[in-house]
Structure formats: structure tokens, C-alpha cells
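Residues per chain, in single letters:
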Amino acid sequence: MDSPISANDDGIKFKPENMEREKLYHCIFKNKAMLGFKDSQDVLNCYEIEDEKLVEEIKKCNTSDDLEKFFENYLKSQNLKN
């Protein structure tokens, strides 16, 4: 199956019909991390991260589970609440 979020020279393409609800997806585009997920009401939520350090860490995440674990640990280390 194609990834629900992908990037190429033309930009970013979202395929919400391929997304599972409440699962985080990502891609990298022009040194930015693009995150997206479909919530319980099938609303597509998108976020762009420009922070270089965060983008480098996100690049290391191969799966949605890796990405979610990364953000869990990041929130804990920054003393932030989700």
C-alpha cells in the first residue's frame, strides 16, 4: 500500500483514505517534517515542524510506532503534557 503522506518535487500528497484513525504519519519535505493523522471523526490534522534538531530525529523514525514513541519521549524530556 502507498504511504498516506508522501513528498516529491511537486509537493506533499495526502491520501486520507489510506490512513487509519488516530495513527500518526509523516514525511520530510524541504528540510521540514510534515505530520498528519485522521482523528476519530475522520478530520485530517496536519502539522509542519521546522526545528532542525527535531526534523533530524524524525528522519530516523521508520514507522508510525517509532514516531509516536519519539514524541512520547520528547514530551517527557521537555516536561510537556500532551
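Everything that follows concerns the structure shown earlier in this document.
Procedures and definitions
- Residues numbered from 1 in each chain as written.
- Predicted model: local features only at pLDDT ≥ 70, side-chain atom pairs only at ≥ 80, totals over all residues.
- Heavy atoms only, no water.
- Salt bridge = Lys/Arg side-chain N within 4 Å of Asp/Glu carboxyl O.
- Buried < 20%, exposed > 50% of the residue type's maximum accessible area, 1.4 Å probe, protein only.
- Helix = DSSP H or I, 4+ residues; strand = E, 2+ residues; numbered from the N terminus.
- Pairing = 2+ DSSP bridges.
- Phe/Tyr/Trp six-rings, centres within 6.5 Å; stacked < 30°, edge-to-face > 60°.
- Arc of directions from axis to C-beta.
- Contact = heavy atoms within 4.5 Å.
- Polar contact = N/O pair within 3.5 Å; in protein donor to acceptor, adjacent residues only side chain to side chain.

Novice: I'd like to hear about the pattern of salt bridges, residue by residue, with values.
Specialist: Going through the model one piece at a time under the given rule, you end up with 6 salt bridges. For glutamate 20, the salt bridge is made with lysine 23, and the minimal N-O distance between the two is 3.6 Å. Overall, the relative accessible area of 47% leaves glutamate 20 in the partly exposed class. We note a salt bridge from lysine 60 to glutamate 57, for which the minimum N-O separation is 3.1 Å. Connected through salt bridges with shared partners, the residues Lys32, Glu48 and Glu50 form a single ionic network.

Novice: If you had to explain the pairing of strand β4 (residues 32-38) to someone new, which residues and values would you point to?
Specialist: Summarising burial for β4: 5 of the 7 residues are buried, a large majority. Sheet analysis places strand β3 (residues 25-29) next to β4, joined by 5 bridges and oriented antiparallel. Of the residues in β4, the one forming a bridge with phenylalanine 29 is lysine 32. Hairpin connection from β3 to β4: 2 residues lie between these consecutive antiparallel strands, with lysine 30 at a positive phi of about 50°. Bridging between β4 and strand β5 (residues 44-49) involves 6 bridges; their strand directions are antiparallel.

Novice: With reference to specific residues and values, describe the packing of aromatic side chains.
Specialist: Applying the stated criterion to the full structure yields 2 aromatic pairs. Measuring from ring centre to ring centre gives 5.1 Å for phenylalanine 70 and phenylalanine 71, while their planes differ by 65°; the resulting arrangement is edge-to-face. Given the relative accessible area of 17%, phenylalanine 71 is considered buried. Within the aromatic cluster, the residues linked to one another by ring pairs are Phe70, Phe71 and Tyr74.

Novice: For helix α1 (residues 52-59), give the residues involved together with the corresponding values.
Specialist: Note on helix geometry: an α-helix contains 3.6 residues per turn, so any two residues three or four positions apart are oriented the same way. Among all positions of α1, only Leu54, Val55 and Ile58 are buried. For α1, the buried positions fall inside an angular range of 100° around the axis, keeping them on one side. Within α1, the exposed residues directed more than 90 degrees away from the buried face are Glu52 and Lys53. At its buried positions, α1 is contacted by β3, β4, β5 and α2 (64-77). Two to three positions downstream of the cap, the backbone nitrogen of lysine 53 sits 3.1 Å from a side-chain oxygen, assigning the N-cap of α1 to aspartate 51.

Just distances and angles here, no functional claims.
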